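Structural description and commentary
The primary structure of each chain is shown beneath.
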Amino acid sequence: MASPKPVLYGAWISSCSHRIHIALNLKGVDYEYKSVDPRTDPDYEKINPMKYIPALVDGDIVVSDSLAIALYLEDKYPQNALLPKDLKKKALNLQITNIVCSSIQPLQSYAVIGLHEGKLSPNESLQIVQRYTDKGFKAIEKLLEGCNSKYATGDEVQLGDVFLAPQIHAGINRFQIDITKYPILARLHDTYMEIPAFQAALPKNQPDAPSC
Amino acid sequence: MAEAGAAAPAARLRLYSYWRSSSAHRVRIALNLKGVEYEYKAVNLLKGEQSDPEFMKVNPMKFVPALVDGDTVIGDSYAIALYLEDKYPECPLLPQDLKMKALNLQIASIVCSGIQPLHNLTVLRFIEQKVGTGESLPWTQQQIDRGFTAAENLIKGCAGKYATGDEVQLADVFLAPQIYSAVTRFQVNMSNYPTLARLHDEYMKHPAFQAALPDRQPDAPSST
(Lines give C-alpha, C1' and ligand atoms only; values in the text may rest on other atoms or scores of the structure.)
Protein backbone atom coordinates (compact mmCIF):
# COMPACT_ATOMS: atom_id res chain seq x y z
CA MET A 1 0.00 0.00 0.00
CA ALA A 2 1.45 3.40 -0.90
CA SER A 3 2.41 5.57 2.05
CA PRO A 4 0.25 8.67 2.49
CA LYS A 5 1.40 11.83 0.76
CA PRO A 6 3.13 14.37 2.94
CA VAL A 7 0.84 17.23 3.94
CA LEU A 8 2.03 20.83 3.91
CA TYR A 9 0.12 23.23 6.12
CA GLY A 10 0.54 26.80 5.02
CA ALA A 11 -1.06 29.88 3.57
CA TRP A 12 -0.88 31.36 0.11
CA ILE A 13 0.71 34.60 1.20
CA SER A 14 3.25 33.12 3.61
CA SER A 15 6.78 33.39 2.28
CA CYS A 16 7.82 30.64 4.69
CA SER A 17 5.25 28.29 3.12
CA HIS A 18 6.37 29.48 -0.31
CA ARG A 19 9.88 28.17 0.43
CA ILE A 20 8.59 24.67 1.10
CA HIS A 21 6.37 24.59 -2.00
CA ILE A 22 9.54 25.32 -3.99
CA ALA A 23 11.57 22.62 -2.19
CA LEU A 24 8.84 19.97 -2.62
CA ASN A 25 8.40 20.89 -6.28
CA LEU A 26 12.14 20.79 -6.97
CA LYS A 27 12.36 17.33 -5.43
CA GLY A 28 9.32 16.13 -7.35
CA VAL A 29 7.52 15.15 -4.15
CA ASP A 30 3.78 14.69 -4.57
CA TYR A 31 2.16 16.39 -1.60
CA GLU A 32 -1.15 17.60 -0.27
CA TYR A 33 -1.53 21.26 0.62
CA LYS A 34 -3.83 22.44 3.39
CA SER A 35 -4.41 26.09 3.91
CA VAL A 36 -4.66 27.11 7.56
CA ASP A 37 -5.01 30.33 9.55
CA PRO A 38 -3.04 29.72 12.75
CA ARG A 39 -4.75 32.66 14.45
CA THR A 40 -8.22 31.20 14.12
CA ASP A 41 -7.80 27.44 13.74
CA PRO A 42 -7.89 25.91 17.26
CA ASP A 43 -6.61 22.51 16.09
CA TYR A 44 -3.51 23.87 14.48
CA GLU A 45 -1.75 24.40 17.79
CA LYS A 46 -1.57 20.63 18.19
CA ILE A 47 0.38 20.39 14.93
CA ASN A 48 2.64 23.35 15.59
CA PRO A 49 2.90 24.72 19.14
CA MET A 50 4.55 27.89 17.83
CA LYS A 51 1.37 28.41 15.76
CA TYR A 52 3.47 29.40 12.81
CA ILE A 53 3.19 28.06 9.34
CA PRO A 54 4.41 26.06 7.56
CA ALA A 55 4.31 22.60 9.08
CA LEU A 56 4.85 19.32 7.29
CA VAL A 57 3.21 16.07 8.32
CA ASP A 58 4.98 13.11 6.71
CA GLY A 59 3.68 9.83 8.05
CA ASP A 60 4.18 9.95 11.79
CA ILE A 61 6.71 12.77 11.59
CA VAL A 62 5.56 16.33 12.15
CA VAL A 63 8.09 19.05 11.39
CA SER A 64 7.52 22.74 11.64
CA ASP A 65 9.72 25.67 10.82
CA SER A 66 10.68 26.05 7.21
CA LEU A 67 14.41 25.54 7.71
CA ALA A 68 13.90 22.35 9.72
CA ILE A 69 11.40 21.17 7.09
CA ALA A 70 13.79 21.95 4.23
CA LEU A 71 16.65 20.07 5.88
CA TYR A 72 14.31 17.16 6.65
CA LEU A 73 13.25 17.03 3.00
CA GLU A 74 16.89 17.11 1.99
CA ASP A 75 17.49 13.92 3.99
CA LYS A 76 14.23 12.13 3.23
CA TYR A 77 14.07 12.97 -0.47
CA PRO A 78 17.69 13.20 -1.58
CA GLN A 79 16.89 13.63 -5.29
CA ASN A 80 17.82 17.09 -6.61
CA ALA A 81 20.01 17.81 -3.62
CA LEU A 82 19.68 21.36 -2.31
CA LEU A 83 22.94 21.45 -0.39
CA PRO A 84 26.31 21.04 -2.07
CA LYS A 85 28.88 18.62 -0.67
CA ASP A 86 31.56 21.31 -0.69
CA LEU A 87 31.58 22.66 2.87
CA LYS A 88 32.32 26.23 1.89
CA LYS A 89 29.45 26.37 -0.62
CA LYS A 90 27.17 24.54 1.78
CA ALA A 91 27.96 27.10 4.49
CA LEU A 92 27.27 29.96 2.07
CA ASN A 93 23.87 28.47 1.24
CA LEU A 94 23.05 28.09 4.92
CA GLN A 95 24.20 31.63 5.65
CA ILE A 96 22.03 33.12 2.90
CA THR A 97 19.16 30.95 4.09
CA ASN A 98 19.56 32.15 7.65
CA ILE A 99 19.86 35.82 6.71
CA VAL A 100 16.45 35.39 5.11
CA CYS A 101 14.79 33.31 7.81
CA SER A 102 16.33 34.90 10.91
CA SER A 103 17.20 38.45 9.95
CA ILE A 104 14.65 39.51 7.37
CA GLN A 105 11.43 37.52 7.54
CA PRO A 106 10.83 37.56 11.33
CA LEU A 107 11.04 41.34 11.33
CA GLN A 108 8.81 41.52 8.27
CA SER A 109 6.34 39.29 10.08
CA TYR A 110 6.48 41.48 13.19
CA ALA A 111 5.76 44.55 11.07
CA VAL A 112 2.88 42.92 9.20
CA ILE A 113 1.27 41.60 12.37
CA GLY A 114 1.83 44.97 14.06
CA LEU A 115 -0.10 46.61 11.25
CA HIS A 116 -2.95 44.09 11.46
CA GLU A 117 -3.22 44.59 15.19
CA GLY A 118 -3.22 48.35 14.86
CA LYS A 119 0.04 48.78 16.76
CA LEU A 120 1.85 50.19 13.77
CA SER A 121 0.71 52.60 11.10
CA PRO A 122 0.97 51.44 7.47
CA ASN A 123 3.95 53.72 6.99
CA GLU A 124 5.76 52.50 10.09
CA SER A 125 5.10 48.90 9.16
CA LEU A 126 6.44 49.40 5.66
CA GLN A 127 9.53 51.20 6.93
CA ILE A 128 10.39 48.35 9.26
CA VAL A 129 10.03 45.76 6.50
CA GLN A 130 12.10 47.81 4.12
CA ARG A 131 14.79 48.52 6.68
CA TYR A 132 15.40 44.86 7.47
CA THR A 133 14.91 43.69 3.90
CA ASP A 134 17.39 46.21 2.59
CA LYS A 135 19.92 45.30 5.27
CA GLY A 136 19.63 41.61 4.44
CA PHE A 137 19.60 42.06 0.69
CA LYS A 138 22.61 44.36 0.83
CA ALA A 139 24.52 41.73 2.81
CA ILE A 140 23.51 38.89 0.50
CA GLU A 141 24.43 40.96 -2.56
CA LYS A 142 27.86 41.46 -0.95
CA LEU A 143 28.24 37.76 -0.16
CA LEU A 144 27.43 36.93 -3.78
CA GLU A 145 29.76 39.57 -5.23
CA GLY A 146 31.37 38.32 -8.39
CA CYS A 147 28.75 35.60 -8.76
CA ASN A 148 28.43 34.69 -12.40
CA SER A 149 26.77 31.32 -11.96
CA LYS A 150 23.22 30.73 -13.10
CA TYR A 151 21.89 30.53 -9.56
CA ALA A 152 23.11 32.01 -6.30
CA THR A 153 25.91 29.57 -5.52
CA GLY A 154 26.32 27.55 -8.69
CA ASP A 155 24.63 26.28 -11.80
CA GLU A 156 22.15 24.15 -9.88
CA VAL A 157 19.34 25.47 -7.75
CA GLN A 158 20.35 25.20 -4.11
CA LEU A 159 18.94 25.97 -0.67
CA GLY A 160 19.96 29.63 -0.82
CA ASP A 161 17.81 30.03 -3.96
CA VAL A 162 14.86 28.26 -2.30
CA PHE A 163 14.89 30.79 0.54
CA LEU A 164 15.85 33.83 -1.52
CA ALA A 165 13.15 33.50 -4.16
CA PRO A 166 10.13 34.03 -1.86
CA GLN A 167 11.85 36.85 0.01
CA ILE A 168 12.68 38.72 -3.20
CA HIS A 169 9.20 38.05 -4.55
CA ALA A 170 7.54 39.42 -1.42
CA GLY A 171 9.91 42.36 -1.34
CA ILE A 172 9.05 43.39 -4.88
CA ASN A 173 5.33 42.57 -4.87
CA ARG A 174 4.28 43.54 -1.35
CA PHE A 175 6.84 45.90 0.12
CA GLN A 176 7.98 48.18 -2.70
CA ILE A 177 11.60 47.09 -2.50
CA ASP A 178 13.67 48.56 -5.29
CA ILE A 179 15.38 45.40 -6.46
CA THR A 180 17.47 47.31 -9.02
CA LYS A 181 19.67 48.30 -6.06
CA TYR A 182 20.69 44.64 -5.93
CA PRO A 183 21.61 43.61 -9.48
CA ILE A 184 22.59 40.04 -8.61
CA LEU A 185 19.35 39.46 -6.73
CA ALA A 186 17.39 41.09 -9.55
CA ARG A 187 18.99 38.74 -12.08
CA LEU A 188 18.32 35.73 -9.84
CA HIS A 189 14.70 36.78 -9.48
CA ASP A 190 14.25 36.83 -13.24
CA THR A 191 15.88 33.40 -13.46
CA TYR A 192 13.66 31.94 -10.73
CA MET A 193 10.53 33.24 -12.42
CA GLU A 194 11.27 31.00 -15.41
CA ILE A 195 11.58 27.73 -13.49
CA PRO A 196 8.39 25.61 -13.38
CA ALA A 197 9.03 24.42 -9.81
CA PHE A 198 9.23 28.07 -8.71
CA GLN A 199 6.26 29.17 -10.81
CA ALA A 200 4.02 26.52 -9.32
CA ALA A 201 5.04 27.68 -5.86
CA LEU A 202 4.10 31.33 -6.38
CA PRO A 203 1.55 32.73 -3.91
CA LYS A 204 -0.93 33.64 -6.64
CA ASN A 205 -0.89 30.04 -7.89
CA GLN A 206 -1.94 28.51 -4.58
CA PRO A 207 -5.48 27.15 -4.26
CA ASP A 208 -6.27 29.52 -1.39
CA ALA A 209 -5.06 32.63 -3.19
CA PRO A 210 -7.84 35.16 -3.68
CA SER A 211 -9.01 35.30 -7.26
CA CYS A 212 -9.04 38.78 -8.67
CA MET B 1 41.69 31.12 25.44
CA ALA B 2 45.18 32.76 25.40
CA GLU B 3 47.13 32.73 22.15
CA ALA B 4 49.84 30.07 21.90
CA GLY B 5 53.27 31.68 22.41
CA ALA B 6 55.21 29.07 20.44
CA ALA B 7 54.63 28.28 16.77
CA ALA B 8 50.88 28.08 16.47
CA PRO B 9 49.28 25.41 14.27
CA ALA B 10 48.73 26.72 10.76
CA ALA B 11 45.50 28.64 10.12
CA ARG B 12 43.80 28.15 13.47
CA LEU B 13 40.08 28.71 13.53
CA ARG B 14 39.12 32.27 14.39
CA LEU B 15 35.83 33.16 16.01
CA TYR B 16 34.55 36.73 15.98
CA SER B 17 32.49 37.05 19.12
CA TYR B 18 31.12 39.40 21.72
CA TRP B 19 31.04 38.16 25.30
CA ARG B 20 27.36 38.84 25.74
CA SER B 21 26.07 37.82 22.32
CA SER B 22 23.86 34.77 22.72
CA SER B 23 24.40 33.93 19.06
CA ALA B 24 28.15 33.83 19.57
CA HIS B 25 27.60 31.92 22.81
CA ARG B 26 25.99 29.09 20.81
CA VAL B 27 29.05 28.68 18.63
CA ARG B 28 31.41 28.79 21.62
CA ILE B 29 29.49 25.87 23.12
CA ALA B 30 29.66 23.90 19.87
CA LEU B 31 33.41 24.49 19.51
CA ASN B 32 34.00 23.45 23.12
CA LEU B 33 31.87 20.32 22.78
CA LYS B 34 33.82 19.28 19.71
CA GLY B 35 37.14 20.06 21.36
CA VAL B 36 38.09 22.51 18.61
CA GLU B 37 40.67 25.12 19.56
CA TYR B 38 40.09 28.60 18.31
CA GLU B 39 41.34 32.15 18.42
CA TYR B 40 38.85 34.54 20.05
CA LYS B 41 38.50 37.85 18.26
CA ALA B 42 36.39 40.28 20.20
CA VAL B 43 33.99 42.63 18.41
CA ASN B 44 32.64 45.23 20.80
CA LEU B 45 29.02 45.68 19.75
CA LEU B 46 28.36 48.51 22.17
CA LYS B 47 31.21 50.49 20.66
CA GLY B 48 29.96 49.76 17.16
CA GLU B 49 32.96 47.68 16.09
CA GLN B 50 30.63 45.56 14.00
CA SER B 51 30.54 48.48 11.56
CA ASP B 52 34.32 48.53 11.09
CA PRO B 53 35.08 48.00 7.38
CA GLU B 54 37.38 45.08 8.22
CA PHE B 55 34.65 43.27 10.11
CA MET B 56 32.07 44.03 7.45
CA LYS B 57 34.27 42.15 4.99
CA VAL B 58 34.02 39.15 7.29
CA ASN B 59 30.27 39.48 7.85
CA PRO B 60 28.32 42.04 5.81
CA MET B 61 25.36 41.57 8.14
CA LYS B 62 27.49 43.16 10.89
CA PHE B 63 26.59 40.40 13.32
CA VAL B 64 28.62 38.11 15.49
CA PRO B 65 29.41 35.31 15.41
CA ALA B 66 31.54 34.88 12.34
CA LEU B 67 33.99 32.06 11.80
CA VAL B 68 37.14 32.04 9.70
CA ASP B 69 38.56 28.60 8.95
CA GLY B 70 41.37 28.91 6.45
CA ASP B 71 39.78 30.48 3.39
CA THR B 72 36.25 29.69 4.54
CA VAL B 73 34.43 32.62 6.13
CA ILE B 74 30.98 32.03 7.58
CA GLY B 75 28.53 34.33 9.32
CA ASP B 76 25.41 33.22 11.22
CA SER B 77 25.42 30.78 14.11
CA TYR B 78 23.19 28.18 12.43
CA ALA B 79 25.39 28.03 9.34
CA ILE B 80 28.50 27.88 11.52
CA ALA B 81 27.05 25.12 13.74
CA LEU B 82 26.16 22.94 10.75
CA TYR B 83 29.59 23.60 9.20
CA LEU B 84 31.28 22.50 12.43
CA GLU B 85 29.05 19.43 12.49
CA ASP B 86 30.36 18.40 9.08
CA LYS B 87 33.97 19.44 9.53
CA TYR B 88 34.48 18.16 13.09
CA PRO B 89 32.35 15.04 13.45
CA GLU B 90 33.45 14.26 17.02
CA CYS B 91 30.67 14.75 19.52
CA PRO B 92 27.95 14.82 16.84
CA LEU B 93 25.21 17.36 17.55
CA LEU B 94 22.59 15.89 15.23
CA PRO B 95 21.12 12.40 15.59
CA GLN B 96 20.76 10.08 12.59
CA ASP B 97 17.09 9.48 13.28
CA LEU B 98 15.18 11.89 11.00
CA LYS B 99 12.45 12.67 13.52
CA MET B 100 14.87 13.56 16.30
CA LYS B 101 17.15 15.39 13.88
CA ALA B 102 14.20 17.49 12.70
CA LEU B 103 13.22 18.20 16.31
CA ASN B 104 16.70 19.50 17.06
CA LEU B 105 16.75 21.64 13.92
CA GLN B 106 13.33 23.00 14.79
CA ILE B 107 14.26 23.95 18.33
CA ALA B 108 17.42 25.63 17.06
CA SER B 109 15.24 27.59 14.62
CA ILE B 110 12.75 28.58 17.31
CA VAL B 111 15.64 30.19 19.17
CA CYS B 112 17.51 31.75 16.29
CA SER B 113 14.58 32.80 14.09
CA GLY B 114 11.66 32.99 16.50
CA ILE B 115 13.09 34.49 19.68
CA GLN B 116 16.52 36.07 19.52
CA PRO B 117 16.19 38.21 16.34
CA LEU B 118 13.22 39.92 17.92
CA HIS B 119 15.25 41.07 20.92
CA ASN B 120 18.77 41.60 19.61
CA LEU B 121 20.56 44.86 20.30
CA THR B 122 19.41 46.73 17.19
CA VAL B 123 15.78 45.75 17.65
CA LEU B 124 15.82 46.66 21.35
CA ARG B 125 17.22 50.09 20.54
CA PHE B 126 14.43 50.52 18.00
CA ILE B 127 11.76 49.48 20.51
CA GLU B 128 13.14 51.89 23.14
CA GLN B 129 13.13 54.66 20.58
CA LYS B 130 9.77 53.92 19.03
CA VAL B 131 7.68 52.65 21.89
CA GLY B 132 9.38 54.20 24.86
CA THR B 133 12.16 53.77 27.37
CA GLY B 134 11.74 50.72 29.47
CA GLU B 135 9.50 49.04 26.90
CA SER B 136 12.22 46.76 25.63
CA LEU B 137 12.07 44.52 28.70
CA PRO B 138 8.38 43.58 28.51
CA TRP B 139 8.77 43.21 24.75
CA THR B 140 11.71 40.82 25.19
CA GLN B 141 9.88 38.83 27.84
CA GLN B 142 6.94 38.38 25.45
CA GLN B 143 9.14 37.04 22.67
CA ILE B 144 10.91 34.69 25.05
CA ASP B 145 7.64 33.51 26.58
CA ARG B 146 6.21 32.56 23.18
CA GLY B 147 9.31 30.69 22.13
CA PHE B 148 9.90 28.98 25.48
CA THR B 149 6.27 27.86 25.66
CA ALA B 150 6.64 26.23 22.25
CA ALA B 151 10.01 24.65 23.06
CA GLU B 152 8.70 23.35 26.40
CA ASN B 153 5.78 21.69 24.61
CA LEU B 154 8.01 20.19 21.97
CA ILE B 155 10.46 18.57 24.37
CA LYS B 156 8.12 17.63 27.20
CA GLY B 157 7.71 14.10 25.91
CA CYS B 158 11.26 13.37 24.87
CA ALA B 159 13.69 15.22 27.07
CA GLY B 160 16.17 12.99 28.83
CA LYS B 161 19.12 14.40 30.69
CA TYR B 162 19.22 16.97 27.88
CA ALA B 163 16.62 18.49 25.59
CA THR B 164 16.06 15.59 23.21
CA GLY B 165 17.68 12.68 24.98
CA ASP B 166 20.62 11.78 27.14
CA GLU B 167 23.28 13.29 24.91
CA VAL B 168 23.90 16.97 24.29
CA GLN B 169 22.56 17.85 20.85
CA LEU B 170 22.01 20.91 18.67
CA ALA B 171 18.85 21.89 20.54
CA ASP B 172 20.89 22.20 23.75
CA VAL B 173 23.56 24.28 22.01
CA PHE B 174 20.88 26.79 20.97
CA LEU B 175 18.68 26.62 24.06
CA ALA B 176 21.42 27.11 26.64
CA PRO B 177 22.40 30.70 25.69
CA GLN B 178 18.77 31.74 25.27
CA ILE B 179 17.81 30.37 28.69
CA TYR B 180 20.93 31.88 30.25
CA SER B 181 20.17 35.35 28.93
CA ALA B 182 16.49 34.97 29.85
CA VAL B 183 17.45 34.21 33.44
CA THR B 184 20.37 36.59 33.93
CA ARG B 185 19.36 39.58 31.83
CA PHE B 186 15.64 39.55 31.18
CA GLN B 187 14.16 38.48 34.51
CA VAL B 188 12.19 35.65 32.93
CA ASN B 189 10.38 33.44 35.42
CA MET B 190 11.45 29.93 34.46
CA SER B 191 8.82 28.22 36.62
CA ASN B 192 6.53 28.40 33.61
CA TYR B 193 8.94 26.17 31.71
CA PRO B 194 10.00 23.42 34.13
CA THR B 195 11.84 21.29 31.57
CA LEU B 196 13.84 24.27 30.32
CA ALA B 197 14.58 25.26 33.92
CA ARG B 198 15.94 21.80 34.65
CA LEU B 199 18.01 21.88 31.45
CA HIS B 200 19.50 25.19 32.52
CA ASP B 201 20.77 23.56 35.70
CA GLU B 202 22.31 20.71 33.67
CA TYR B 203 24.01 23.10 31.27
CA MET B 204 25.47 25.08 34.15
CA LYS B 205 27.22 21.89 35.33
CA HIS B 206 28.69 20.91 31.96
CA PRO B 207 32.31 22.01 31.38
CA ALA B 208 31.88 22.80 27.66
CA PHE B 209 28.91 25.02 28.48
CA GLN B 210 30.63 26.60 31.48
CA ALA B 211 33.66 27.61 29.43
CA ALA B 212 31.35 29.27 26.89
CA LEU B 213 29.55 31.47 29.42
CA PRO B 214 29.64 35.22 28.72
CA ASP B 215 31.46 36.07 31.95
CA ARG B 216 34.31 33.70 31.07
CA GLN B 217 35.13 35.34 27.75
CA PRO B 218 38.27 37.45 27.29
CA ASP B 219 36.24 40.56 26.49
CA ALA B 220 33.87 40.26 29.45
CA PRO B 221 34.18 43.24 31.76
CA SER B 222 36.18 42.20 34.80
CA SER B 223 33.98 41.75 37.81
CA THR B 224 34.03 44.58 40.33
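Residues numbered from 1 in each chain as written. Chains lettered and ligands numbered in written order. Predicted model: local features only at pLDDT ≥ 70, side-chain atom pairs only at ≥ 80, totals over all residues. Heavy atoms only, no water.

Another point: the overall build of chain B. Each helix and strand in chain B was counted, giving nine helices and four strands. Ordered by position from the N terminus, the helices and strands of chain B form the series β-α-β-α-β-β-α-α-α-α-α-α-α. Relative to the 2.2 N^0.38 estimate, which gives 17 Å for 224 residues, the radius of gyration of chain B is 17 Å and therefore close to what a compact globule would have. Along the longest, intermediate and shortest principal axes, the C-alpha atoms of chain B span 50 × 45 × 35 Å. Looking at chain B as shown, the accessible area adds up to about 9600 Å², and 51% of this sits on carbon and sulfur atoms. With 22 positive and 24 negative side-chain charges, chain B shows a spacing of 3 Å between the two charge centroids. (Helix = DSSP H or I, 4+ residues; strand = E, 2+ residues; numbered from the N terminus. Rg over C-alpha atoms; globule rule 2.2 N^0.38 Å. Areas by Shrake-Rupley, 256 points an atom, 1.4 Å probe, with all protein chains shown as cover. Lys, Arg positive; Asp, Glu negative; His and termini not counted. Charge placed at Lys NZ, Arg CZ, Asp CG, Glu CD.)

All names here are of chain B. Residues of chain B with pLDDT of at least 70 account for 94%, and the chain-wide mean is 92. For the stretch residues 1-6, pLDDT sits under 50, and the model shows seven contacts to residues farther than four places along the chain or on other chains. Taken over the whole predicted complex, pTM reads 0.94, whereas the ipTM for its chain interfaces reads 0.95. (pLDDT = per-residue confidence, 0-100. Contact = heavy atoms within 4.5 Å.)

Before going further, it helps to spend a moment on the sheet that holds strand E2 (residues 32-35) of chain A. Residue and element names in this part refer to chain A. Taken in spatial order, the four strands line up as E2-E1-E3-E4 in an open sheet, and their pairing is mixed. A single partner strand is all that each edge strand has here, and the edge strands are E2 and strand E4 (61-64). The mean angle between the axes of side-by-side strands here comes to 20°, regardless of whether they run parallel or antiparallel. Sheet topology note: the strand E1 (residues 7-10)/strand E3 (residues 55-58) ladder contains three bridges and is antiparallel. Counted as the bridge partner of tyrosine 9 is alanine 55 from E3. This element, helix H3 (residues 66-76), spans E3 and E4 of the sheet and lies at about 135° to E4. (Pairing = 2+ DSSP bridges. Axes fitted to C-alpha atoms, helices over the stretch in contact; angles between N-to-C directions.)

How big an interface is tends to be reported as the loss of accessible area on association of its parts. With 40 residues of chain B at the contact, the number on the chain A side is 39 residues. Summed over both sides, the interface of chain B with chain A buries roughly 3400 Å², with 67% coming from carbon and sulfur. The tally of links between chain B and chain A comes to three salt bridges. Among the salt bridges present, the one from Asp71(B) reaches Lys88(A), with a minimum N-O distance of 3.3 Å. There are 12 residue pairs in polar contact (both at pLDDT 80 or more) connecting chain B and chain A. Elements with a minimum of two residues in the side of chain B that touches chain A: strand E4 (72-75), helix H3 (77-87), helix H4 (98-115), helix H5 (121-130) and helix H6 (136-155) of chain B. With 11 residues, H4(B) is the single largest residue contributor to the side of chain B that touches chain A. For the side of chain B that touches chain A, a count of residues per class yields 22 nonpolar, 10 polar and eight charged. (Buried area = accessible area lost by both parts, 1.4 Å probe. Salt bridge = Lys/Arg side-chain N within 4 Å of Asp/Glu carboxyl O. Polar contact = N/O pair within 3.5 Å; in protein donor to acceptor, adjacent residues only side chain to side chain. Nonpolar A, V, L, I, M, F, W, Y, C, P; charged D, E, K, R; others polar.)

As enumerated under the stated definition, the model contains 10 aromatic pairs over all chains in all. Ring geometry for Tyr9(A) and Tyr44(A): centres 6.0 Å apart, planes at 50°, overall tilted. On the criterion of sequence distance, the pair formed by Tyr9(A) in strand E1 and Tyr44(A) in helix H2 (residues 44-47) is long-range, its members being 35 residues apart. The same class applies to Tyr9(A) and to Tyr44(A), which are both buried. Ring geometry for Tyr162(B) against Tyr203(B): centres 6.4 Å apart, planes inclined by 5°, an arrangement best described as stacked. Of this pair, Tyr162(B) sits in the loop between H6 and helix H7 (170-184) while Tyr203(B) sits in helix H8 (residues 194-205), and the two are 41 residues apart along the sequence. The two residues Tyr162(B) and Tyr203(B) agree in class, both being buried. Within the aromatic cluster, the residues linked to one another by ring pairs are Tyr162(B), Tyr203(B) and Phe209(B). (Phe/Tyr/Trp six-rings, centres within 6.5 Å; stacked < 30°, edge-to-face > 60°. Buried < 20%, exposed > 50% of the residue type's maximum accessible area, 1.4 Å probe, protein only.)

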